[in-house]
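So you can see what is in the structure, the chains are spelled out below.
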Amino acid sequence: MKSMANLNDYISIVGESNISAIRQVAHHLKGSKVVHVNSTRKGGGVAEILEWLVPMMKELELDVEWAVLEGVPLFFETTKTFHNALQGKRIDVTPTQLKSYEEINKSNAARLKPMLEDADFVFIHDPQPAMLINHCKKKGHWIWRCHIDASNPHRPVWKYLRQIVNRYDASIFSMARYAQPLDHPQFLIAPSIDPLSQKNVDIPSAEISSVLDRFSIDRARPILTQISRFDRFKDPVGVIKAYKLVKRYHSVQLVLAGGTADDDPEGSAVLEEVREAADNDPDIHILQLPPDAHRTINALQRGSDVIIQKSLREGFGLTVTEGLWKSKPVIGGDVGGIKLQVVNFHTGFLVNTPEGAAHWIRYLLEHGQKSIRMGGKGREFVRENYLLIRQIREYLTLMVGLREGMNKLVAV
Amino acid sequence: MKEFNIKDCALVGLTAKLQAQNMRELRDCIYRCEAASIYHHFCETLLRPTFDDPVYGNDFAVWTANVLNDPILAEKLGVINPYEYKNMEELRAFLIDMIDDHMSDLQFIPWARPGNQFFFNKAMTLVFDTGRTISDPDHLYKAIKEMSLGSIYYHFIEANRREPKLVDDFSAWLMKNFSENHPFLPVLSNLRNSYMPLLDLKRALMSSLHTQASEGE
């Protein structure tokens, strides 16, 4: 959800020195013309980032515009194929699809050309608008921001995209393991969460209670929660198995909350499997929430004793970051970005099996003080490293660095 | 008397386009990588986002211990103070020699599980003036309390490799402008080579300076 906060609102969370640092760096970019281009104004992680990043850059007196690609269904079908192929799916793009991709980029370039050619910095998000660069004269720095895990792409598709992306001055990946070798500097900027968004802002305990009551969740007994789509890679059935192993010793409740699966045939099948595994256990709460139920998710996470994200495959895993921000220890699958966030005995436990999850859930329930300490530590790690303030500082640093010629140490 | 100008620094990571899957590849990548990458994994690691609170102060030791499960090499790597070397090339030569010596005693080369490679990175660091100054040593505690971790890193850690070497900026300022026996100097010296993450280091600095100031009253 869009954060309506301004920079000063974050002072109470990250301290004045951090906000002042951002203003200092931004001062060196004052008036710079910046354009962000992506493929949608609403929905999806990229639009969510731009919803706060663009106003915040404006507040810092950068001249920022956000342009959105205009496409047709065939184009979006093609770029969805690119997306899946970058994530490793063995899927090829047809000549008709490629033609659509190239034509849509060309027509959008004609529309956006004055803006793009006049900009000091052009940020192109993901593969959809990547080919705009082929149709513009570069005046400023062009940066390709890849939000996708491209660690193991389908080679034919990557080879096609690589020859486009190599024309950029730099690229940005979320983690080193997601990056592919390219001919230009590849920056690493990890995702972040907005502590003032509806999903993460502090909420009154009465509201938490009210949400738990609404779903008939007993506040007096331990609550285990996994927030995620009903997707096999999130292993909801494995979570139920872990819950059942814990249930022999503790009167726990399990909340599995995710988006509705009506438009996703596989999601519906997984939901069915989950219901079957739950076997009408009244202490397993399977909640299908609308996409804008941010505050409900916030309350569920805050009302929980342990947050679970037992994924078998994961990108960065922002639900883990959200859980840690709410001072909860996290039981996470030993995969992807979860490995960066969940550190055994520090912020939670990494697990590979339902048995492992059950073991460490019991450990946390039986070591209440340690659990509280780990939760507190997780929140501090997030405060220091994974709030949007850090992300904007890195964007600004990158921009100054590119302008100053990419020296290792830039003094301004 | 010269005022202390508080600076800050911001870092953004970059890939160094090398990765190691086993100990031999680690050695080869250390041989081939840019000096900036060695510096990053030994020194700038403190400024990089992390959820870990590692026992060892550099990334090579942490990976060797946690992923390669070789505590002996991890201990040898972990004890290295990078600032004691003339430059990163001297440190690189020392590292290669150490890993070669260690591998010569091994029957099998330790490997990382897939997905747990060591990714060589580097960083671009931006140093900027905060516009804030300190004019009186008695204000050092309050100034540190208000400093970002970037400032702590720049003045207390990164300063070690600037002239005068192996001295933090606060100590250099106190010695030059006040006294070579200023009571804060031993406090700062005790913490200079600690393995602490920056937030803990900041707290330790504040606590030690506060205690020292109270004793002096």
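Residues numbered from 1 in each chain as written. Chains lettered and ligands numbered in written order. Predicted model: local features only at pLDDT ≥ 70, side-chain atom pairs only at ≥ 80, totals over all residues. Heavy atoms only, no water.

K.L.:
Give a description of the overall build of chain B that names residues and reports values.
P.N.:
Within chain B, the secondary structure is distributed over 10 helices and 2 strands. Ordering the α and β elements of chain B from the N terminus gives β-α-α-α-α-α-β-α-α-α-α-α. With the principal axes as the frame, chain B shows a C-alpha extent of 60 × 30 × 30 Å. In chain B, of all internal contacts separated by at least 6 residues, the share reaching a separation of at least 24 is 73%. Summed over its atoms, the accessible surface of chain B is roughly 10,000 Å², and 50% of this surface lies on carbon and sulfur atoms. (Helix = DSSP H or I, 4+ residues; strand = E, 2+ residues; numbered from the N terminus. Contact = heavy atoms within 4.5 Å. Areas by Shrake-Rupley, 256 points an atom, 1.4 Å probe, with all protein chains shown as cover.)

K.L.:
Just give me the short version of the side chain of A:S209, but keep the residues and values in it.
P.N.:
Residue placement: A:S209 occurs in helix α7 (residues 205–214). Polar side-chain contacts of A:S209 include one of 3.3 Å to the side chain of A:R219. (Polar contact = N/O pair within 3.5 Å; in protein donor to acceptor, adjacent residues only side chain to side chain.)

K.L.:
Which residues make up the packing of aromatic side chains, and what values do they have?
P.N.:
Residue and element names in this part refer to chain A. Scanning all chains against the criterion turns up 25 aromatic pairs over all chains. Between W360 and Y363 the ring centres are 5.3 Å apart and the planes differ by 70°, which places this aromatic pair in the edge-to-face class. Placement of both W360 and Y363 in helix α13 (residues 354–366) is noted, with a separation of 3 residues, approximately one turn of the helix. Its relative accessible area of 14% is what places Y363 among the buried residues. Here the aromatic residues F75, F76, F82, Y101 and Y160 are joined through ring pairs into a cluster of three or more. (Phe/Tyr/Trp six-rings, centres within 6.5 Å; stacked < 30°, edge-to-face > 60°. Buried < 20%, exposed > 50% of the residue type's maximum accessible area, 1.4 Å probe, protein only.)

K.L.:
Explain the domain arrangement of chain A to me, and be specific about the residues and the numbers.
P.N.:
All names here are of chain A. If you check the domain split of chain A, you get domain 1 (7–192 + 387–408) and domain 2 (205–385). Each partner contributes residues to the interface: domain 1 has 11 residues there, and domain 2 has 13 residues. The junction of domain 1 with domain 2 conceals about 990 Å² of combined surface from both sides, 59% of it contributed by carbon and sulfur atoms. By the criterion of area lost to domain 2, the three top residues of domain 1 are M175, P191 and L387, representing 41% of everything that side buries. In this assembly, domain 1 and domain 2 are joined by 0 salt bridges. Seen at the junction of domain 1 and domain 2, the total is 5 residue pairs in polar contact (both at pLDDT 80 or more). In terms of residue class, the side of domain 1 that touches domain 2 is made up of 7 nonpolar, 2 polar and 2 charged. (Domains from an automatic or database assignment. Buried area = accessible area lost by both parts, 1.4 Å probe. Salt bridge = Lys/Arg side-chain N within 4 Å of Asp/Glu carboxyl O. Nonpolar A, V, L, I, M, F, W, Y, C, P; charged D, E, K, R; others polar.)

K.L.:
I'd like a description of helix α3 (residues 45–59) of chain A, backed by residues and values.
P.N.:
Helical periodicity: at 3.6 residues per turn, an α-helix aligns residues three or four positions apart in one direction. Residues and elements named next belong to chain A. For α3, with 15 residues, the first-to-last C-alpha span of 22 Å sits near the 21 Å given by 1.5 Å per residue. The secondary structure elements touched by the buried residues of α3 are β1 (33–38), β2 (63–68), β3 (121–125) and α15 (388–403). Following α3 by one or two positions, E61 has its phi on the positive side, about 70°. (Expected span 1.5 Å × (residues − 1).)

K.L.:
Help me get a handle on the domain arrangement of chain B, residues and values and all.
P.N.:
All names here are of chain B. Per the domain assignment, the segments making up chain B are domain 1 (9–122) and domain 2 (136–216). Taken residue by residue, the interface counts 15 residues in domain 1 and 17 residues in domain 2. Summing the contributions of domain 1 and of domain 2, the shared interface buries around 1,300 Å²; its carbon and sulfur component is 60%. Our count for the contact surface shared by domain 1 and domain 2 stands at 3 residue pairs in polar contact (both at pLDDT 80 or more). In terms of residue class, the side of domain 1 that touches domain 2 is built from 8 nonpolar, 3 polar and 4 charged.

K.L.:
Give a detailed account of the pairing of strand β4 (residues 141–145) of chain A, specifying residues and quantitative values.
P.N.:
All names here are of chain A. Judged by how many residues are buried, β4 sits mostly within the fold: 4 of 5 residues are covered. Note: β3 against β4, 5 bridges, orientation parallel. Counterpart to V122 in the pairing with β4 is W142. With 3 bridges joining them, β4 and strand β5 (residues 170–173) adopt parallel strand pairing. Across the sheet, the residue bridging to W144 is S171, located in β5. Taken together, β4, helix α6 (residues 155–165) and β5 form a β-α-β motif whose crossover is right-handed. (Pairing = 2+ DSSP bridges. Right-handed = clockwise from strand over helix to strand, strands pointing away.)

K.L.:
So what's going on with the side chain of B:T125? Residues and values would help.
P.N.:
Within the secondary structure, B:T125 sits in strand β2 (residues 118–134). Within the local environment of B:T125, its side chain forms a polar contact with the side chain of B:E44, the two groups lying 3.1 Å apart.

K.L.:
With reference to specific residues and values, describe empty space enclosed by the protein.
P.N.:
All names here are of chain A. Inspection of the entire model under this criterion finds 2 cavities of 30 Å³ or more. By volume, the largest cavity amounts to about 70 Å³. As for the largest cavity, its lining consists of V14, N18, R383, E384, L387, I389, R390 and R393. Counting only elements with at least two residues in the lining of the largest cavity, the list comes to α14 (368–385) and α15. Considering each element in turn, the lining of the largest cavity owes the most residues, 3 residues, to α15. Across the lining of the largest cavity, the residue classes tally to 3 nonpolar, 1 polar and 4 charged. Its volume calculated, the second largest cavity comes out at about 30 Å³. For the lining of the second largest cavity, the class distribution of residues is 4 nonpolar, 2 polar and 1 charged. (1 Å grid on protein atoms, 1.4 Å probe; cavity = no way out; pocket = protein on both sides within 12 Å on 5 of 7 lines; lining within 4 Å. Points joined across faces, edges and corners; volume = space filled by probe spheres on them.)

K.L.:
Any chance you could break down the interface of chain B and chain A for me, citing the residues and the numbers?
P.N.:
Opposite the 38 residues of chain B that make contact, chain A presents 47 residues. Both faces considered, chain B and chain A share a buried interface measuring about 3,400 Å² in area, 61% of it formed by carbon and sulfur atoms. The tally of links from chain B across to chain A stands at 1 salt bridge. Across the chain B-chain A interface, the total number found is 11 residue pairs in polar contact (both at pLDDT 80 or more). Looking at the side of chain B that touches chain A, the elements with two or more residues in it are β1 (4–20), α2 (35–42), β2 and α10 (198–216) of chain B. No other element matches β2(B), which puts 12 residues into the side of chain B that touches chain A. Grouping the amino acids of the side of chain B that touches chain A by side-chain chemistry returns 17 nonpolar, 10 polar and 11 charged.

K.L.:
How would you explain the sheet that holds strand β7 (residues 223–227) of chain A if you had to name every residue and give the values?
P.N.:
All names here are of chain A. One open sheet holds the 6 strands; their spatial order is β9-β8-β7-β10-β11-β12, and the pairing between them is parallel. Edge positions in the sheet fall to β9 (284–289) and β12 (348–351), since each of these pairs with one other strand and no more. Sheet twist, expressed as the mean angle between neighbouring strand axes with direction ignored, is 20°. With 6 bridges joining them, strand β8 (residues 253–259) and β9 adopt parallel strand pairing. Bridging from a neighbouring strand, G259 pairs with L289 of β9. In this fold helix α11 (residues 318–325) packs onto β7, β10 (306–309) and β11 (330–333), with an angle of close to 170° to the strand it touches most, β10. (Axes fitted to C-alpha atoms, helices over the stretch in contact; angles between N-to-C directions.)

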